Amino acid sequence: MEAKLAIQGGDPVTKEPFPTTIHGAEEIDEREIDAIITTLKQKKPFRFLHEAKDSKVSQLEAKFAEYMGCKHALAVTGGTTALISALVGLGIGSGDEVIVPGYTYIASAAAILAVRAIPVIVEIDNSLTINPKDIERKITEHTRGIMPVHMRGTPCRMDDIMDIARRHKLLVLEDVAQANGGIYKGKKLGSIGHAGAFSMQYYKLVTAGEGGMVITNDRVVYERATLQHDSAMVFWEKGTFTTEPFAGENYRMNELQGALGLVQFGRLDDILTKLRKTKSIICNEIKTLPGIELQDVPDPAGDCSVSLCFFCETSDKTRAFAEALRAEGIPGGSMFDKAIPDRHIYYYWDYVLNKHTADRNGCPWTCPFYKGNVQYSRNMCPDTLDYLSRTVVIPLGQKLGEKHINWIIQGITKVANALNR
Ligand SMILES: *Cc1c(COP(=O)(O)O)cnc(C)c1O
């Protein structure tokens, strides 16, 4: 009764192309266009802080804070500048080590370096997010912070991470760039640690073209992040800040981004509802198939469900699985292939591994305030490379219909049964 695989000359499950898996940007319609045009017509595309009630950026911040259940939200130009502002907000800088997973967008590590701190790369586990046991192994007397990254919308093991942070007195900055609206045990991702950083660039769940957000419940963290995001902040916010001013940069979000982001943010829950439903239907159907093991999602109900990931027994089987699946007409691939550089895997982070920053003297690694001795190598996180090389990933979009969901289930079932007889 087993059908012949398409890769062996059989009929594929489908020949129809799948809809896009870009999220917010694909939903853009008259609402976004109207919001941008209205803002343009007002001839004030700059966010005037003293006119907060009329500012789209201020409205977006207020929405964000409310939705995330946090006291403060600061809009910035992107996820990277959100991370940098949050790190500065937390007071992390020269001499400090910050723990970051080996599977995240390279910007997570770059942001740590941008504040002259040292990234310490640790393993992921079968959740494809940071492994709490390895965090504990890699804490040194120089560790100041942990940056859990909710990769592909999967909530990290936040209970364990917060417990480690409490015991070792460390600061936690959640990188929520890929997990806007994700939840862990009833709490919005980004609101669990001492601060959270979001991105609203094109590839994320909702978009402002470019954009970022810092959230925190700590007034001092908020004030410091705000000072970092505008070198002249002290002149704008006369009298309301208690934090001693310092030299910041310019990461200000403009009103066009604010207008776009505001409409997009209103679409987030709809997108998430569809993605979660799609993923749970597929997972239920495939979880007992031979030879595959689903990614262990710490809180499946809170998962943003932007992709379906499962492990095969070996990397060879994983590659074969992904190829067979594609031949069936199902978009997907294996996560780690040494031939294909991927900016999300530390293995390819050459400038970090080679300790190379813009600084000609090799700061921050050579900085006299740094007393540690971090070492990097291509194979320093073997578990991470093993998990990723055994992961098949199928990206999910809110535009997948019932037929696509059925094809994905049929395709995975057909390939799993054929390859694991
Ligand atoms: C996208 C991303 C960032 C950086 O966001 P930008 O808006 O591109 O600066 C940081 N961390 C992770 C995990 C990301 O996916």
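Our subject is the structure that appears above.
## A short note on the pairing of strand β2 (residues 97–101)
Buried residues dominate β2, accounting for five of its five residues. By the alternation rule, side chains of β2 split into Glu97, Ile99 and Pro101 and Val98 and Val100, which are all buried. Summarising the sheet, β2 and strand β3 (residues 118–122) pair through five bridges and their orientation is parallel. When the sheet's bridge partners are listed, Val100 is paired in β3 with Ile121. For the crossover that starts at β2, traverses helix α4 (residues 107–114) and ends in the parallel β3, the hand is right-handed. Bridge count between β2 and strand β4 (residues 143–146): three bridges; the pairing is parallel. In the sheet register, Ile99 faces β4, and the bridge partner there is Ile146.

## Focus on unusual backbone geometry
Omega for the peptide link from Cys363 to Pro364 comes to 10 degrees, which places this bond in the cis form. Locating Pro364 in the fold gives a position in the loop between α12 (350–353) and α13 (382–389). At Leu128, a position not held by glycine, the phi torsion is positive, near 65 degrees. By relative accessible area, which is 2% here, Leu128 ends up buried.

## Section: the pattern of salt bridges
Within the structure shown, the criterion is met by 22 salt bridges. Among the ionic pairs, Arg144 bridges to Asp96, the shortest N-O distance being 3.0 Å. With a gap of 48 residues between them, Arg144 in strand β4 and Asp96 in the loop between α3 (79–90) and β2 connect regions that are remote in the sequence. A salt bridge links Arg157 to Asp125; its shortest N-O distance comes to 2.8 Å. Remark: Asp125 occurs in the loop between β3 and α5 (132–138) and Arg157 occurs in the loop between β4 and α6 (158–168); sequence separation between them is 32 residues. Take Arg157 and Asp125: they sit in the same class, and that class is buried. Here the residues in one salt-bridge network are Asp29, Glu32 and Arg267, joined through shared partners.

## Focus: α4
Owing to its 3.6 residues per turn, the α-helix aligns residues three or four sequence positions apart on the same side. Taken across its eight residues, α4 has six buried, putting it largely inside the fold. Those residues of α4 that sit buried are Ala107, Ser108, Ala109, Ala111, Ile112 and Leu113. Residues of α4 that are buried make contact with α3, β2, β3, β5 (171–175) and α12. The positive-phi residue at the C-terminal boundary of α4 is Arg116, with phi of around 65 degrees.

## Section: the pairing of strand β13 (residues 391–395)
Within β13, four of the five residues are buried, which leaves the element mostly enclosed by the surrounding structure. Note: strand β11 (residues 307–311) against β13, five bridges, orientation antiparallel. Across the sheet, the residue bridging to Phe310 is Val392, located in β13. In this structure, strand β12 (residues 333–334) lies alongside β13, joined through two bridges in antiparallel fashion. Bridging across to β13, Ser334 finds its partner in Val392.

## Here we look at the site of the ligand
Within the structure, the ligand sits among 14 residues, and Gly79, Thr80, Asp175, Ser199 and Lys204 are positioned closest to it. Side-chain polar atom of Thr80 to an oxygen atom of the ligand: 2.6 Å apart, as the coordinates give it. A distance of 2.8 Å separates an oxygen atom of the ligand from a polar side-chain atom of Gln178. Protein contacts shield 94% of the accessible area of the ligand, which totals 380 Å² for the unbound molecule. Across the shell around the ligand, the residue classes tally to four nonpolar, eight polar and two charged.

## Section: the sheet that holds β2
With respect to topology, seven strands assemble into an open sheet ordered β1-β9-β8-β5-β4-β2-β3, the strand pairing being mixed. A strand with exactly one partner marks an edge of an open sheet, and here the two such strands are β1 (72–76) and β3. For this sheet, the mean inter-axis angle between neighbouring strands, taken without regard to orientation, is 25 degrees. Contacting β1, β8 (195–199) and β9 (212–216), helix α7 (residues 219–229) crosses the sheet at an angle of about 15 degrees to β1.

Thresholds, definitions, all that
- Residues numbered from 1 in each chain as written.
- Predicted model: local features only at pLDDT ≥ 70, side-chain atom pairs only at ≥ 80, totals over all residues.
- Heavy atoms only, no water.
- Buried < 20%, exposed > 50% of the residue type's maximum accessible area, 1.4 Å probe, protein only.
- Helix = DSSP H or I, 4+ residues; strand = E, 2+ residues; numbered from the N terminus.
- Pairing = 2+ DSSP bridges.
- Right-handed = clockwise from strand over helix to strand, strands pointing away.
- Salt bridge = Lys/Arg side-chain N within 4 Å of Asp/Glu carboxyl O.
- Contact = heavy atoms within 4.5 Å.
- Near = heavy atom within 4 Å.
- Polar contact = N/O pair within 3.5 Å; in protein donor to acceptor, adjacent residues only side chain to side chain.
- Areas by Shrake-Rupley, 256 points an atom, 1.4 Å probe, with all protein chains shown as cover.
- Nonpolar A, V, L, I, M, F, W, Y, C, P; charged D, E, K, R; others polar.
- Axes fitted to C-alpha atoms, helices over the stretch in contact; angles between N-to-C directions.

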